[in-house]
Amino acid sequence: MTHPFLDLPPLTAERFAAIERRVAALLDTEQDVVITQGEALLPLEGCIRSGARPGSTALNVVTGPYGQTFGNWLRDCGAAVVDLEVPFHTAVTAEQVAQALAAHPEIDFVSLVHAEAATGNTNPVAEIGEVVRAHGALFMLDAVASVAAEPLLPDAWGVDLCVIGAQKAMGGPAGVSAVSVSGRAWERFAANPAAPRRSYLSLLDWKERWIDGGRRALLHAPAQLEMLALEACVERVESAGLDAVTARHASAAAATRAGVVALGGGLTPYVHDARDAAPVATTLRTPPGVNAAELVARALAADPSLPLVAGGGALAKEMIRVNHYGVDATRGAVRSSLAALGAALVELAPGTTVDLEGAGRAVSDSWS
Ligand SMILES: *Cc1c(COP(=O)(O)O)cnc(C)c1O
């Protein structure tokens, strides 16, 4: 008897190339799309190590923990790094980016995270892309948490390197990712003697041996199960319609925000302005004296299936993430999450008043 995950015929180069084309269509890009055989940190690190070098200067926008990671890689490559840090409760503006570029005309690389699932904010990439393009720097975007959750148009926005993963709003696998690479970015990589080659981090290897060879021979055996899962999740997004999937995420974010305001009890949206809040996940601030990790643990004890997690690192004290993405971008998941948090809050901080019914009503009313 054949096993459903094992005993599969090998994934062909044709099928691999066809999946790449479908991912490119999802991103509405004419640029080369390379599917990378690992979690999205693989192409992110590959892009930075290919684009940055001693003598280059990078503007690294930090709106959450991923930006902090990028800064470390950039410095490790010998690049000078200008960190533009903004508080996690807001988004960066194109004006702030323009000011940083004007203050450091030598900047030739810009790294930005589109949406941060870890902090719940989203940045205005279209406006920032205009500013970066006018300056002439190479523009890398981490779109792992924005793809399928909100509009993402790398070509129209002048993005040179757009990295996506399937594990968030696409509802797909975590072990495979993709990057679209502009002609300018390929030129820059090729001119960088420090760019990885003959390495798992190398994008140039894929350019020279896969793309330039007409996508006929893969570099190594592909991650077959992840590729099949990626194909299935792209198919599911296509059949629902990308716009419908992003609309569902926008509704989930708006409903969570409205619901938590109605719930009360001192729980508030972490990102101050709704315009800066990411459709992929909504972060909440706990009231003073209530530990977010304890509150989440209590809510999950009541229902372990809820998409709740405390913030990472120091944020675990004060931040709750409602990860309403993928299969959890539903009215039911949002309503149950807020109800469980409200009940847990009353247990942890007796005397707190919450309006569970009002929160449920606000979720339903807001969902459009
Ligand atoms: C989720 C995410 C990633 C991928 O990281 P995981 O910890 O593996 O989920 C990368 N970048 C951003 C902005 C993300 O939100």
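Reading the values: rules and limits
Residues numbered from 1 in each chain as written. Predicted model: local features only at pLDDT ≥ 70, side-chain atom pairs only at ≥ 80, totals over all residues. Heavy atoms only, no water. Core = buried A, V, L, I, M, F, W, Y, C linked by side-chain atoms within 4.5 Å. Buried < 20%, exposed > 50% of the residue type's maximum accessible area, 1.4 Å probe, protein only. Domains from an automatic or database assignment. Contact = heavy atoms within 4.5 Å. Pairing = 2+ DSSP bridges. Helix = DSSP H or I, 4+ residues; strand = E, 2+ residues; numbered from the N terminus. Axes fitted to C-alpha atoms, helices over the stretch in contact; angles between N-to-C directions. Near = heavy atom within 4 Å. Polar contact = N/O pair within 3.5 Å; in protein donor to acceptor, adjacent residues only side chain to side chain. Areas by Shrake-Rupley, 256 points an atom, 1.4 Å probe, with all protein chains shown as cover. Nonpolar A, V, L, I, M, F, W, Y, C, P; charged D, E, K, R; others polar. Phe/Tyr/Trp six-rings, centres within 6.5 Å; stacked < 30°, edge-to-face > 60°. Lys NZ or Arg CZ within 6 Å of the ring centre and 35° of its normal. 1 Å grid on protein atoms, 1.4 Å probe; cavity = no way out; pocket = protein on both sides within 12 Å on 5 of 7 lines; lining within 4 Å. Points joined across faces, edges and corners; volume = space filled by probe spheres on them. Parallel < 35°, antiparallel > 145°, perpendicular 65-115°, else oblique. Left-handed = near helix turned anticlockwise from the far one by under 90°. Right-handed = clockwise from strand over helix to strand, strands pointing away. Buried area = accessible area lost by both parts, 1.4 Å probe.

> How would you explain the nonpolar core if you had to name every residue and give the values?
With 89 residues, the main nonpolar core has Leu59, Val97, Leu161, Ile164, Met170 and Leu230 as its most contacted residues. Counting contributing residues, this core receives three or more from each of domain 1 (13-240) and domain 2 (242-366). When sequence neighbours within four positions are dropped, the list of residues in contact with Leu161 reads Cys47, Phe109, Leu138, Phe139, Met140, Leu141, Val179, Ser180, Val181, Ala185 and Phe189. Within the second largest apolar cluster, 27 residues are counted, among which are Val290, Leu308, Ala310 and Ala340.

> If you had to explain the sheet that holds strand S4 (residues 107-113) to someone new, which residues and values would you point to?
A sheet is described by the order of its strands in space; here seven strands give the open sequence S1-S9-S8-S7-S4-S2-S3, paired in mixed fashion. Both edges of this open sheet fall to strand S1 (32-36) and strand S3 (80-85), since each of them pairs with a single strand only. Along the sheet, successive strands turn relative to each other by an average axial angle of 15 degrees, direction set aside. Bridge count between strand S8 (residues 161-165) and strand S9 (residues 177-181): five bridges; the pairing is antiparallel. Looking across to S9, one finds that Val163 is bridged to Val179. Contacts from helix H1 (residues 13-26) reach S1, S8 and S9, with the element oriented near 120 degrees to S1.

> Tell me what's going on with the site of the ligand, and back it up with residues and numbers.
In the neighbourhood of the ligand, the contacting residues comprise Glu39, Tyr66, Val113, Ala115, Ala117, Asp142, Val144, Ala145, Gln167 and Lys168. In the environment of the ligand, a nitrogen atom lies 2.7 Å from a nitrogen or oxygen atom belonging to the side chain of Asp142. Notes on the ligand: free accessible area 380 Å², of which the protein chains cover 81%. A per-class count over the shell around the ligand returns six nonpolar, one polar and three charged.

> So what's going on with the packing of aromatic side chains? Which residues, and what values?
Each aromatic ring pair is described using two quantities: the centre-to-centre distance and the angle formed by the ring planes. One pass over the structure, following the stated rule, counts five aromatic pairs. The interplanar angle of 15 degrees and the centroid separation of 5.9 Å between the aromatic rings of Phe16 and Trp206 together place this pair among those described as stacked. Placement of the pair is Phe16 in helix H1 and Trp206 in helix H7 (residues 203-211), with a sequence separation of 190 residues. Classification of Phe16 by relative accessible area gives buried; the value is 0%. On the basis of an interplanar angle of 85 degrees and a centroid distance of 5.4 Å, the ring pair of Phe16 and Trp210 is categorised as edge-to-face. Of this pair, Phe16 sits in helix H1 while Trp210 sits in helix H7; the two residues are 194 residues apart in sequence, bridging distant segments of the chain. Three or more aromatic residues joined by ring pairs make a cluster, and in this case those are Phe16, Trp206 and Trp210. The cationic tip of Arg285 hangs over the ring face of Tyr270; the distance from NZ or CZ to the ring centre is 4.3 Å.

> Outline the pairing of strand S7 (residues 138-142), supporting the account with residue identities and numerical values.
The buried count for S7 comes to five of five residues, which makes it a mostly enclosed element. Burial along S7 is two-sided: the face carrying Leu138, Met140 and Asp142 and the face carrying Phe139 and Leu141 are both buried. Looking at chain direction, S7 and S8 are connected through three bridges and run parallel. Within S8, the residue paired with Asp142 across the bridge is Val163.

> Describe the layout of surface pockets, naming the residues involved and giving the relevant values.
By volume, the largest pocket is sized at about 260 Å³. What lines the largest pocket is a set of 16 residues, among which Thr122, Asn123, Pro124, Val125 and Glu127 lie closest to the centre. For the lining of the largest pocket, the element with the most residues is helix H5 (residues 125-135), which contributes three residues.

> An account of the packing of helix H9 (residues 242-263) against helix H11 (residues 331-348) is needed here, citing residue identities and associated values.
The angle between the axes and the distance between the axes are what describe a pair of packed helices. Contact geometry of H9 with H11 gives a least axis separation of 10 Å together with a crossing angle of 25 degrees. In terms of orientation, H9 lies roughly parallel with respect to H11. Pair H9 / H11 crosses with right-handed handedness. Along the contact surface, H9 presents Ala252, Ala255, Thr256, Gly259, Val260 and Leu263, while H11 presents Val334, Leu338 and Gly342. Here the residues of the contact of H9 with H11 are counted per class, giving six nonpolar, three polar and no charged.

> Please provide a residue-by-residue account of the pairing of strand S2 (residues 57-62), values included.
For S2, a buried count of six out of six residues is recorded, marking the element as mostly surrounded by other parts of the structure. Handedness of the β-α-β unit built from S2, helix H3 (residues 65-76) and S3 comes out right-handed. The pairing of S2 with S4 spans four bridges and is parallel. Bridged to Ala58 within S4 is Phe109.

> I'd like to hear about helix H12 (residues 356-366), residue by residue, with values.
Here H12 has its buried residues at Gly358, Ala359, Gly360, Ala362 and Val363. Buried positions along H12 lie against H9 and H11.

> Describe in detail the domain arrangement of the protein chain, supporting the description with residues and values.
Under the domain assignment, the protein chain is made up of domain 1 (13-240) and domain 2 (242-366). In this structure, domain 1 and domain 2 have C-alpha centres spaced 29 Å apart. Each partner contributes residues to the interface: domain 1 has 22 residues there, and domain 2 has 21 residues. Here domain 1 packs against domain 2, burying approximately 1,900 Å² in sum over the two surfaces, 65% of which is carbon and sulfur. On the domain 1 side of the interface with domain 2, the three residues burying the most area are His89, Gly120 and Ala149, jointly 26% of the side's total. Where domain 1 touches domain 2, the interface holds six residue pairs in polar contact (both at pLDDT 80 or more). Elements with a contribution of two residues or more to the side of domain 1 that touches domain 2: strand S6 (121-122) and helix H8 (224-240). Residue composition of the side of domain 1 that touches domain 2, by class: 12 nonpolar, eight polar and two charged.

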